Amino acid sequence: MFYHFQNLINPIVDDEPDPSAANALQEGLGGQFGEMRTMMQYLFQSFNFRGEATPYLDLIQGIGIEEISHVELISKTISKLLDGAPEYHGKKFDVPGKGGKATMDMAKEQQNPHHFIVGAQGALPVDAAGNPWSGSYVHCNGNLVLDLLDNLVLESTGRLQKCRIYQMSENKTLRATVAFLIARDEAHEMAFAKALETLGVEWNKLLPIPKFDSSKYPEVKKLIDAGINREQYHFRLDSSQMEKIFSGAAPANDGTELVTLAEPIEKYPIPAAQERPEEFSPGLDPELDDLAAALTEAKAKLKSGSGKG
């Protein structure tokens, strides 16, 4: 069973809407080496895990659970980059497009108009070219060494692509999320390399991939200085043997140490998504809106203990 907090693993930073940046970031979500694949690949490897090598199971599953939060983070970031891009300023119950005005005229010029036609200014399970995510991306070989090698290649390619996406935009919303994922992908590279190291493989001259000083990216340097590129979380409420693998000297052989934690030290609020009348989202008429408001108020009272009955 999975338990969760209504928090993000990294904050969403405010900046102007940027649909082009949102579309580039779709590759990091629904691409062949994106977060949807890492999430599904590691979870399926853990569900299908055989044998008694529990520390390896705990490592793969812990990273897989973290990837759920990465899918949420990158989806929220894409939505933030899209939200409000048409600059429609009609009132809540106005009819968008009344009088024949093309309220979302800009949408047809975007690289992926599906963000507006299908997604209501939200993220989609597709890559940057609009191709839908596919379960055929997932590799679950049933062989521990091969799975670990596969996962290391996946994290390395994902990190490489995010370093390219970082250079495509100076938008602060995109940069904050991509910088975080660059740092965490490096942590995952170290995790799978360390697991293979325990099986006799030496990586000290190879990692990280791509091999460059990512601290030259200011947003990434802040995260590296905080040590999150050498942390891994198991997200277990009972106990985990992940630390038997993810501990000691990092495989990068740079003098840093690997640290296993139950969960990230910091959590961040999920920003509320504004209503978008031009998308008919959420599309409540005044009567339904009053009912929804009343239900929200009732739930708040029950949660605070002031409700009766």
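Residues numbered from 1 in each chain as written. Predicted model: local features only at pLDDT ≥ 70, side-chain atom pairs only at ≥ 80, totals over all residues. Heavy atoms only, no water.

1. So, the overall build of the protein
Note the following rule: Put simply, DSSP H or I for four residues or longer makes a helix, DSSP E for two residues or longer makes a strand, and each gets a number counted from the N terminus. Taken over C-alpha atoms, the radius of gyration is set against a globule rule of 2.2 Å times the number of residues to the power 0.38. Note on classification: 1.4 Å probe, protein chains only; a residue is buried when its accessible area is under 20% of the maximum for its type, exposed when over 50%, partly exposed between these limits.
The secondary structure content of the protein amounts to eight helices and five strands. Along the protein, helices and strands appear, N-terminal first, in the series β-α-α-α-α-α-α-α-β-β-β-β-α. Here the C-alpha atoms of the protein give a radius of gyration of 22 Å, agreeing with the 19 Å that 2.2 N^0.38 yields for 309 residues. By principal-axis analysis of the C-alpha atoms, the protein measures approximately 70 × 55 × 35 Å. Considering the protein as a whole, with its 309 residues, one finds that 45% of them fall into the buried category.

2. Considering the layout of surface pockets
Where empty space is left becomes clear once a probe the size of a water molecule has been rolled over the atoms. Using the following cut-off: Of the two site types, the cavity is a set of points on a 1 Å grid over the protein atoms alone where a 1.4 Å probe fits but cannot get out, and the pocket is an open set with protein on both sides within 12 Å along at least five of seven lines, each lined by residues with an atom within 4 Å of a point. Grid points are joined across faces, edges and corners, and a volume is the space filled by probe spheres set on the points.
Quantified by volume, the largest pocket comes out at close to 760 Å³. Around the largest pocket sit 24 residues that line it, and Tyr3, His4, Phe5, Ile65 and Phe235 are the ones nearest its centre. Those elements that place two or more of their residues in the lining of the largest pocket are strand S1 (7-8) and helix H3 (54-82). At six residues, the largest contribution of residues to the lining of the largest pocket is made by H3. Its boundaries defined by the atoms lining it, the second largest pocket holds a volume of some 500 Å³.

3. A word on the pairing of strand S4 (residues 257-261)
Our working definition: Note on pairing: DSSP must find at least two bridges between two strands before they are called paired.
Burial along S4 is one-sided: the face carrying Leu258 and Thr260 is buried and the face carrying Glu257, Val259 and Leu261 is not. Bridging between strand S2 (residues 231-233) and S4 involves three bridges; their strand directions are parallel. Looking across to S4, one finds that Tyr233 is bridged to Leu261. Relative to S4, strand S3 (residues 248-249) is paired through two bridges, and the arrangement is antiparallel. Opposite Gly248, over in S4, you have Leu258 as the bridge partner.

4. Examining the sheet that holds S2
Rule in force here: Only heavy atoms matter for contacts: two residues are in contact if any of them lie within 4.5 Å across the pair. For helices, the fitted line uses only the C-alpha atoms of the stretch in contact; every axis is such a line through C-alpha atoms, and the angle between N-to-C directions lies from 0 to 180 degrees.
Taking strand neighbours across the sheet as the criterion, the three strands line up as S2-S4-S3 in an open arrangement whose pairing is mixed. Lying at the two open borders of the sheet, with one neighbouring strand each, are S2 and S3. Against the sheet, helix H6 (residues 172-197) engages S2, S3 and S4, with an angle of about 80° to S2.

5. Some thoughts on the environment of Leu207
Topologically, Leu207 is positioned in the loop between H6 and helix H7 (218-226). It is 8.5 Å that separates the C-alpha atoms of Leu207 and Ala193, two residues lying 14 residues apart in sequence. If near-sequence neighbours (up to four positions away) are discounted, Leu207 is found in contact with Leu152, Glu189, Met190, Ala193, Pro251 and Ala252.

6. A closer look at the side chain of Lys194
Here Lys194 lies in helix H6. By relative accessible area, Lys194 is classed as buried at 10%. With residues up to four places along the chain from it excluded, the contact list for Lys194 reads Ile245, Ser247, Gly248, Ala249, Pro251 and Leu258.

7. Re the nonpolar core
Selection criterion: For this analysis, a nonpolar core means a set of buried residues of the types Ala, Val, Leu, Ile, Met, Phe, Trp, Tyr and Cys, connected via side-chain atoms within 4.5 Å.
Residues Leu25, Leu174, Val178, Phe180 and Ile182 are the most contacted members of the largest nonpolar core, which totals 38 residues. Looking at this core, the elements with two or more residues in it are helix H1 (19-30), helix H2 (35-47), H3, helix H5 (144-166), H6 and H7. What Leu174 contacts, discounting residues up to four positions off in sequence, is Ala21, Leu25, Thr77, Leu81, Ile165 and Ser169. If you look at the next biggest cluster of nonpolar residues, it comprises 22 residues, including Leu59, Phe192, Met242 and Ala250.

8. Comments concerning the pattern of salt bridges
Inclusion rule: The term salt bridge refers to a pairing of a side-chain nitrogen on Lys or Arg with a carboxyl oxygen on Asp or Glu at a separation within 4 Å.
In the structure shown here, the tally under the stated rule is 20 salt bridges. Between Lys108 and Glu109 there is a salt bridge, with the nearest N and O atoms lying 3.4 Å from each other. A residue is classified by how much of its surface remains accessible, and Glu109, at 57% relative accessible area, is exposed. Where Lys194 meets Glu197, a salt bridge forms, and the shortest distance between an N and an O atom there is 3.3 Å.

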